[in-house]
Structures are given as structure tokens and as C-alpha cells.
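Summary of structural features
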Amino acid sequence: MKKVLMYTLSTCPWCRKTKQWFNERNIPFDFVDYDLASDEDKKRIRERLEKERLDLSFPIVYIDDACVQGYNPGKYSSLLGVK
């Protein structure tokens, strides 16, 4: 199984939809709610995104080394090989 990591916002409806999409398919994932993270974690996340030339548009989903920004079930399915 591929490793899934999400950066989300606790108040974002698209972030909730993304988590729901993965939960409905029983695909395990880790996530960090950026708005609830410590200042140190926020800094680390911002630095990673800047290095990868991404902005703070949530959700941000890493599937192994691939990154999908925004709610995009088609892309998630393609990268995971599921429907």
C-alpha cells in the first residue's frame, strides 16, 4: 500500500471531503491539520511546500512521492490504482 500524507485545515470542507474519500475506500492515511499544528510544524510544512513550489492551498495530499493539491478523486484513484 502506498503511503498517504495530507496537510489539511480543520475547518475546510474540501479537506473533510478528501478524508472522507480515503476513509470510504479504507485507504489509511496520516494527516496534519495545518491550522492546529504547532508553530514549529507550520514552519516545517511551509518550508517543504516552498521547496516544492506549492502554495498553502488545502488539501495537499502526498501519495508516496506524488503530490495532489486540492480535492481531486480522479487523481487519487489514478495514483493509488483504485476506483
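Now for a quick tour of the structure.

Reading guide: rules and limits
- Residues numbered from 1 in each chain as written.
- Predicted model: local features only at pLDDT ≥ 70, side-chain atom pairs only at ≥ 80, totals over all residues.
- Heavy atoms only, no water.
- Pairing = 2+ DSSP bridges.
- Helix = DSSP H or I, 4+ residues; strand = E, 2+ residues; numbered from the N terminus.
- Axes fitted to C-alpha atoms, helices over the stretch in contact; angles between N-to-C directions.
- Expected span 1.5 Å × (residues − 1).
- Buried < 20%, exposed > 50% of the residue type's maximum accessible area, 1.4 Å probe, protein only.
- Arc of directions from axis to C-beta.
- Contact = heavy atoms within 4.5 Å.

**A few points about the sheet that holds strand β1 (residues 4-8)**
Strand order in this open sheet of four strands is β2-β1-β3-β4, and the pairing throughout is mixed. Strand pairing shows two members of the sheet lacking a second neighbour, β2 (30-33) and β4 (66-69), which therefore form its edges. Strand-to-strand twist in this sheet, taken as the mean axis angle between neighbours without regard to direction, amounts to 15°. In terms of strand pairing, β1 meets strand β3 (residues 60-63) through four bridges, oriented antiparallel. Considered in β3, the bridge of V4 is made with I63.

**Structural notes on helix α1 (residues 13-24)**
One turn of the α-helix equals 3.6 residues, which is why residues spaced by three or four share an orientation. An ideal rise of 1.5 Å per residue puts 16 Å on 12 residues; α1 measures up with 16 Å between its terminal C-alpha atoms. Residues C15, T18, K19, W21 and F22 constitute the buried set of α1. For α1, the angular spread of buried residues about the axis comes to 155°, placing them on one side. Turning to α1, the residues buried within the fold contact β1, β2, β3 and α3 (73-80). Directly beyond the C-terminal end of α1, a positive phi value near 55° is found at N26.

**Overview of unusual backbone geometry**
For the peptide bond that leads from F58 to P59, omega is 0°, which places it in the cis range. Structurally, P59 can be placed in the loop between α2 (39-51) and β3. The backbone of N26 sits at a positive phi, close to 55°, despite the residue not being glycine. Following the sequence through the fold, N26 ends up in the loop between α1 and β2. When its relative accessible area of 67% is taken as the criterion, N26 is described as exposed. Unusually for a residue other than glycine, D64 sits at a positive phi of about 55°.

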